[in-house]
Amino acid sequence: MAVLQMQKINLCALKKNRKRILEMIQALGIVEVVSDEELMEGFEKMDTSAQKSQFEKTAAQVDQALECLQKHIPEKKGMLDSLAGREYVDSKTFDKAMEDKNLYLSIANEIVQLEKKMAENHANILKINTEIDSLSSWTEMDIPMNTLETKKTDILIGTMDGQYDLDAVYTMLAKAGDALADITIVSVSKNQTCLVAVCLKTDTSAVEEALRANGFARASFLSRKTPSERIEVLKGKIKELEDDTKNAEERLADLSVNREDLRLISDYFRIRAEKYGVLGGLAQSKNTFFISGYVPKRDSERIVRKLTDSFDVMVELEEIPDTEEAPVRLINNTFSASTESVVESFGLPKKGEIDPTFIMSFFYVFLFGLMLSDAAYGLILALACGFVLLKFKTMEQGLRKTLRMFFYCGLSTLFWGLMFGGFFGDLVTVVAKTFFGKDVAFPIVWFEPLKDPMRLLLYSLLFGLIHLFTGLAIKGYMLIKEGKYLDCLFDVGFWFALLFGLVLILIPSELFASIAGQQFHFPGFVNILAKVLALVGLIGIILMSGRANKNPALRIALGLYDIYNITGWLSDVLSYSRLLALGLATGVIAQVVNQMGSMMGGGVVGAIFFIIVFIIGHTLNIAINLLGAYVHTNRLQYVEFFGKFYEGGGRPFEPFQQNTKYIRIKEDH
């Protein structure tokens, strides 16, 4: 409908009140504070980066504590509770939590330390279990693992890759000459053999060399205990770590009652970080400070009154110069506002452009429903979105707008489904014939596209022409609004004349008759009017399209080149054949699903099979075609419609406000 009108606001106040004034402006959330370099001449800025960084760090620490609680003590929420949005908290509750912020910061720190301890315990348990696994092969050994020698002998404790028995090991030692050793096989597994070799100190080198030649390696861990004793000690350590972890979990459960207060504290420091970020950009002198920014004109008097009633402050409002690009915020009625995200995704209107949301919203919903065009699918979509909208009153505005848009699109889909007689495809006909042996059909208000696709194609192209001509008309309106009447005639009027003339010439032609399946006849004066319009438009475009160039030859050449754009119009019109394609796809897939479900015939087994196929098939069909309708409806707006008059590129209005993560603070009334 419109772009919210902005004003510039300039404020000067005593430096001692700056924090309280900033807090009031932040709570109101309707002023965008900007750094005015011209205003900075003769003044200085305050370096608040350290404070801002500290507040952000503190908020992140509290967030980490909340994540720990959610990981170990998760809140029980319903499947749709995430749609409820941030919780509303009154300012008194918020201020009370701030009084005890140091307490909650210590709680947050304790939660983080408990999480750290639990993680360390878990890592240590894994490490100990690995050691136990490595010792399990040595449990039959009855000497400590660190027994390396006696007075006259050396003891070699280690492993060999592969499976070996005593005979095989002694055969290896035979290659050591006269060296002798006593071998004990402790255990044999698929991949290794654990053994103990006892030999005289004079034979150690020869024995070890003979064993190493076959992959022997000494054990890497040493202990004053036997492997069995060591395993028992390790199991005791695991028990201690598990008990410590359990105590930590119990303590976390006790601390989880502070979850809501921790959320308040996190958002408190997030708000303070935002405030100090703005504070660092203000122009300040020894005793005063200045704020410059933008405010919606409808709210300007209110904020001036609040500031002047509360502080000794000078506030000046001024209109934004024509040379300055103001920030943009859209304002539309409830229906049109639901599609604002579509415009914002493309780009907000820049200075001099109108907000296309109001007009686009009707086309968007209309074309979306035509693409999906099944009454049952539309009913499901509308009911689902309507239920969520009614149930969750505190939903975030962005999500609420999106769901409201799909609600209206669902109603449009329901309308077109009734017009075309589609209710889960041909469900009524299939069920009646398969299970009741009767011929019953869902009533058709207009016509059935699957039996008359060319008719739907013609209407799709007609709707496309209306859509495109509306875009061209908006361009003309914008030129008239700027006082460029001749530009409107040359760039819009001549194109309307040419296009209307060509359409009127095409309709009674044999080519159109072959497509439409019937011949149209116009009175003679209409045929003459069509040719006159086309000729006037053609000549006008050729002569005036390149009017900015004073060279006559080049001017005509540019005009002829612009006529080539008629192919672009043809391409744009044909793009609306996607209305036919997606509408037919929805109906055809739905019918295929119904036919598949009826393959088992009637009876109990057939009914069960039909229900299973029905649920799976139609769920997939509505999901796929819902996505297709959304994507292609957006494309028709962005490429075909906006391409005729709209560029976008405006800067969004970003007020200084309380950007919180968990809660919303209610305003005091």
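Residues numbered from 1 in each chain as written. Predicted model: local features only at pLDDT ≥ 70, side-chain atom pairs only at ≥ 80, totals over all residues. Heavy atoms only, no water.

Another point: the overall build of the chain. The number of helices and strands found in the chain is 23 helices and 13 strands. On C-alpha atoms alone, the chain measures out to a radius of gyration of 40 Å, which is more than a quarter above the 26 Å that the 2.2 N^0.38 rule sets for 669 residues. Counting only C-alpha atoms, the chain reaches 125 × 85 × 60 Å along its principal axes. Counting the 669 residues in the chain, one finds 44% classified as buried. Nonlocal contacts in the chain, meaning residues at least 24 apart in sequence, comprise 81% of its contacts between residues at least 6 apart. Carbon and sulfur atoms make up 59% of the accessible area of the chain, which amounts to about 35300 Å² in all. A gap of 4 Å separates the mean positions of the 71 positive and 79 negative side-chain charges of the chain. (Helix = DSSP H or I, 4+ residues; strand = E, 2+ residues; numbered from the N terminus. Rg over C-alpha atoms; globule rule 2.2 N^0.38 Å. Buried < 20%, exposed > 50% of the residue type's maximum accessible area, 1.4 Å probe, protein only. Contact = heavy atoms within 4.5 Å. Areas by Shrake-Rupley, 256 points an atom, 1.4 Å probe, with all protein chains shown as cover. Lys, Arg positive; Asp, Glu negative; His and termini not counted. Charge placed at Lys NZ, Arg CZ, Asp CG, Glu CD.)

Quick look at a nonpolar patch on the surface now. Together, Val604, Ile608, Ile611, Ile612, Ile615, Ile616, Leu620 and Ile624 give the surface a local cluster of nonpolar side chains, amounting to about 800 Å² of exposed area. Among the structural elements, Ile624 can be located in helix H23 (residues 603-641). Note on Ile624: relative accessible area 56%, which makes it exposed. (Patch = residues over 30% accessible without salt bridge, like charges linked within 9 Å, V, L, I, M, F, W, Y side chains within 5 Å. Salt bridge = Lys/Arg side-chain N within 4 Å of Asp/Glu carboxyl O.)

At their nearest, the axes of helix H4 (residues 101-135) and helix H8 (residues 259-279) sit 10 Å apart, and the two run at 105° to each other. In terms of their interaxial angle, H4 and H8 are classed as roughly perpendicular. Contacts from Lys101, Tyr104, Leu105, Ala108 and Ile111 in H4 reach Asp261, Leu262, Ile265, Tyr268 and Phe269 in H8. Considering only residue class, the contact of H4 with H8 consists of 8 nonpolar, no polar and 2 charged. (Axes fitted to C-alpha atoms, helices over the stretch in contact; angles between N-to-C directions. Parallel < 35°, antiparallel > 145°, perpendicular 65-115°, else oblique. Nonpolar A, V, L, I, M, F, W, Y, C, P; charged D, E, K, R; others polar.)

Here the largest pocket defines a volume of roughly 2000 Å³. In terms of lining, the largest pocket is formed by 48 residues, of which the most central are Ala27, Leu28, Gly29, Gln657 and Gln658. Of all the elements in the fold, those that place two or more residues in the lining of the largest pocket are helix H1 (18-28), helix H3 (91-99), H8, helix H9 (297-310), helix H11 (340-346), helix H14 (397-420) and strand S13 (663-666). The element that contributes the greatest number of residues to the lining of the largest pocket is H1, accounting for 6 residues. When grouped by side-chain class, the residues that make up the lining of the largest pocket number 18 nonpolar, 11 polar and 19 charged. The calculated volume of the second largest pocket comes to roughly 1000 Å³. What lines the second largest pocket is a set of 29 residues, among which Leu461, Leu465, Val503, Leu506 and Phe512 lie closest to the centre. Looking at the lining of the second largest pocket element by element, the count peaks at 9 residues for helix H16 (residues 453-481). Looking at the lining of the second largest pocket, its residues break down into 25 nonpolar, 3 polar and 1 charged. (1 Å grid on protein atoms, 1.4 Å probe; cavity = no way out; pocket = protein on both sides within 12 Å on 5 of 7 lines; lining within 4 Å. Points joined across faces, edges and corners; volume = space filled by probe spheres on them.)

Evaluated as defined, the whole model comprises 2 cavities of 30 Å³ or more. As a volume, the second largest cavity reaches approximately 30 Å³. Contributing to the lining of the second largest cavity are Ile9, Leu11, Ile25, Val31, Ile291, Ile303 and Leu307. Taken together, the elements giving at least two residues each to the lining of the second largest cavity come down to strand S2 (6-14) and H9. Residues of the lining of the second largest cavity, tallied by class, amount to 7 nonpolar, no polar and no charged.

Now for H9. Along its 14 residues, H9 runs 21 Å from first to last C-alpha, staying within 8% of the 20 Å computed at 1.5 Å per residue. Restricting attention to buried positions, one finds in H9 the residues Asp299, Ser300, Ile303, Val304 and Leu307. Along the long axis of H9, the arc covered by the buried residues comes to 145°, so they all point the same way. Away from the buried face of H9 by more than 90 degrees, exposed residues Arg298, Glu301 and Asp309 are located. Where H9 is buried, its residues meet S2, H1, strand S10 (288-296) and strand S11 (313-318). (Expected span 1.5 Å × (residues − 1). Arc of directions from axis to C-beta.)

To continue, consider the sheet that holds strand S7 (residues 192-200). By definition, the strands of a sheet pair up through backbone hydrogen bonds, in either a parallel or an antiparallel sense. In space, the 4 strands of this open sheet follow the order S6-S7-S5-S8, with antiparallel pairing throughout. Among the strands making up the open sheet, the edge pair consists of strand S6 (181-188) and strand S8 (216-218). Ignoring strand direction, the axes of neighbouring strands in this sheet form an average angle of 30°. (Pairing = 2+ DSSP bridges.)

Bringing the side chain of Ser223 into the picture now. Within the element layout of this structure, Ser223 appears in the loop between S8 and helix H7 (227-255). Ignoring sequence-local partners within four residues, the contact set of Ser223 consists of Pro144, Met145, Asn146 and Arg230.

As far as function goes, none of this settles anything; it's purely spatial.
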